[in-house]
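Topology and contacts: notes
Here's the letter readout for the chains.
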There are 2 protein chains.
Amino acid sequence: MEKNSTYFGVKEIARRANVSIATVDRVIHNRTGVSEKTKKKINEIIKELDYQPNILASRLASKNIIILAVLIPRVSEETDFWEVPLRGIQRADAEIKQYGIQTIPYFFDLSDKDSFVTQARLILERGVHGVMLSPSFIEQARNFTEECQKLKIPYVFIDSNIPEQRSLSYIGPHLLKSGYVGAKLLTYRMKSNKKVLVVNISKEIENYNYLQIEEGFRSYFNDNQMGNEIVRIDIKETDYLSVAKHMTSVLHDHTDIEAIFVTNSRVFTVATFLKNKNKNNISLIGYDFIKENIQYLNEGIIDFLICHKPEEQAYRAVMALYQTLVMGGSVDNIQYMPIDIITKENYEFYQN
Amino acid sequence: MEKNSTYFGVKEIARRANVSIATVDRVIHNRTGVSEKTKKKINEIIKELDYQPNILASRLASKNIIILAVLIPRVSEETDFWEVPLRGIQRADAEIKQYGIQTIPYFFDLSDKDSFVTQARLILERGVHGVMLSPSFIEQARNFTEECQKLKIPYVFIDSNIPEQRSLSYIGPHLLKSGYVGAKLLTYRMKSNKKVLVVNISKEIENYNYLQIEEGFRSYFNDNQMGNEIVRIDIKETDYLSVAKHMTSVLHDHTDIEAIFVTNSRVFTVATFLKNKNKNNISLIGYDFIKENIQYLNEGIIDFLICHKPEEQAYRAVMALYQTLVMGGSVDNIQYMPIDIITKENYEFYQN
DNA sequence: CTGAAAGCGCTTACAG
DNA sequence: CTGAAAGCGCTTACAG
């Protein structure tokens, strides 16, 4: 605590430098209007004393409030996945709002690129100090973050990354390794002569970050020289009927598929299909801790779910912006989340 | 933030009650020396205004520093498991020390009950405001926490619980379910006619919280009506030679053991044995993210490790005390940790 | 380029 | 039983 005998604050720095604390404050915050000479002297003393500002006092005295924008998909009827990151945002917000930080959410529609662009524009018009976003639409996210760069607004990606788009931080899974883990689990008890099916279900497969998961999945088979044939299908309509149609056809063409890997949270649609068709000898693995998936996990139709702590991702992303903007601290450029394995037996203790 | 237009603080309460802010402060902190009448009036206004104290200002102004004691096993050559909770404690400490909280660690020796008693006495003599402990020695922990109760010092258990010993909170695994998960993983690819071996390695098996893990493990076999015979051995000396001796003997008596489950972090000694004896067709599952275990996980000798976020446990335990003591908040009486599954493929992203 | 002074919301002696 | 005043460490106009 600052009250202990050996704590040095602005007052002591000012005393040693023979200036007022206002001047010390100017140097600490890199404000203009201080001669090079006094600036240098003060910085030396700061270093010598290893001065640590008291954030409590700083935020208490400051009037300036900091605004963070959060740009994520709206919770839709189709999937309530984005409910969870939202909780992380609220948790972070509750923690830091007493420090004068305000978090404002902006929601876009996952089936409508334009809504992303519209919300992004609103953020820019509003004028914010930091942004956290899920770059669901790569092209549009690129444009938006380029604007942020020009305005020197730091931004953090969650859920998936655009590596070349220098963000303050990426907080999310190592998608390749995640697919790798999926392959391990899927094959752990599999016979080597059987086939494996990979299913991508998304309206935008051509522009789909998550293809890295499939790449990782395949590399597990290569690395371990497994002989199983990997069949792949892309389903571009996310409704059940489309999924059922494609699944029927692929299972008809390949009768000896023993295991299915779905590269995202829509695994529940495949589970519904397997259940309806009474195919209970096929292993099924997919992604994310959402209601529908847990239901099928519980019924034994989904064997494993992989999850990357979406709530924690969002929480950390907000806190990373807070660290940079308020505390002047640095944050890791990449924070890979754990690749969590969820089963019927442990799901009740899972913490998103 | 407090600076917004509609925030009411002690000043406003004082104005409305027609008293000084000092009196308001007395009421807020339940201090003596206020007439029932004014006390009542002030409390009404507090309620009406839904007054939320500003912790920043409170801790900044306060001189009173709060001391938390942490009573955990010393890191020994035998296992560095307790290094990890220590990191959690340090992380919590770093976060709250600026609020005037001090965390003091006390270490005992896992092979010496007396050291626990000695350290516990030191804590009591020191005079602290809260305690977090690992009740490794049940009897001694019971005595100690009874003293704490008399002195009205809140305490939090981590790692394992003593349910009847009313603590502020237990933060750790649901041991029964954890064993259940172990059984699921162990049997996921097993043949039904083979035997399973459960190994308890501990100097104090008779007084061993962790037997619940075995109970959970067994109940999985019951619940799923699995036919596998479960063989069990207790090894009361933790050194490699003793483990090797017992393992040799049990594998000699039971030649058709296909899978081994070790109920704690000493699984690496069994792994060493299997490696030395070139028994690479036996599945092995055990506990905890420690160096030696990860090594064997990586070599493919250990199939899965189960882990309960020991760092997070300790972090939360300290924060729970902080919540109660400083913020006057309430905390959950039981906080079960996730039952994490660690494999060769995902361990590099694991977060303790 | 620099400083004196008021203030953030709360706590703490001290005086009465 | 109650209040006036100083202070926690920092920030912010304002004046020069």
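As annotated in an unreviewed UniProt entry, chain A carries the name Transcriptional regulator, LacI family and comes from Dyadobacter koreensis.

Because an α-helix packs 3.6 residues into every turn, residues spaced three or four apart end up facing the same way. Residues and elements named next belong to chain B. Listed as buried for helix 12 (residues 291-299) are N293, I294, Y296 and L297. Burial along helix 12 is one-sided: seen end-on, the buried residues are contained in an arc of 165°. G300 sits one or two residues past helix 12 and shows a positive phi near 85°.

Before going further, it helps to examine the side chain of A:S283. Assignment of secondary structure puts A:S283 in strand 9 (residues 283-287). Look at A:S283 and you get buried, because its relative accessible area is 9%. Leaving out residues up to four positions away in the same chain, A:S283 has contacts with A:L186, A:R189, A:E258, A:A259, A:I260, A:D303 and B:Y188.

The next subject is helix 7 (residues 138-150) of chain A. Residues and elements named next belong to chain A. Its 13 residues give helix 7 an end-to-end C-alpha distance of 18 Å, which sits within 8% of 18 Å, the value for a rise of 1.5 Å per residue. I138, Q140, A141, F144, T145 and C148 are the residues of helix 7 that are buried. Down the axis of helix 7, the sector holding all buried residues measures 155°, keeping them to one side. Looking at the buried residues of helix 7, the elements they touch are strand 1 (66-73), helix 6 (113-126), strand 3 (130-133) and strand 4 (155-158). K152 occupies a position one or two residues after helix 7 and carries a positive phi of about 55°.

What follows is about the UniProt feature "domain: HTH lacI-type" (unreviewed entry) in chain A. Under the UniProt annotation, "domain: HTH lacI-type" (unreviewed entry) lies at residues 11-62 of chain A. For the annotated span residues 11-62 of chain A, helix accounts for 69% and strand for 0% of the residues, and the straight-line distance between the end C-alpha atoms is 17 Å.

Cut-offs used in this document
Residues numbered from 1 in each chain as written. Chains lettered and ligands numbered in written order. Predicted model: local features only at pLDDT ≥ 70, side-chain atom pairs only at ≥ 80, totals over all residues. Heavy atoms only, no water. Buried < 20%, exposed > 50% of the residue type's maximum accessible area, 1.4 Å probe, protein only. Helix = DSSP H or I, 4+ residues; strand = E, 2+ residues; numbered from the N terminus. Arc of directions from axis to C-beta. Contact = heavy atoms within 4.5 Å. Expected span 1.5 Å × (residues − 1). UniProt positions renumbered as here; feature names shortened; annotations may be inferred.

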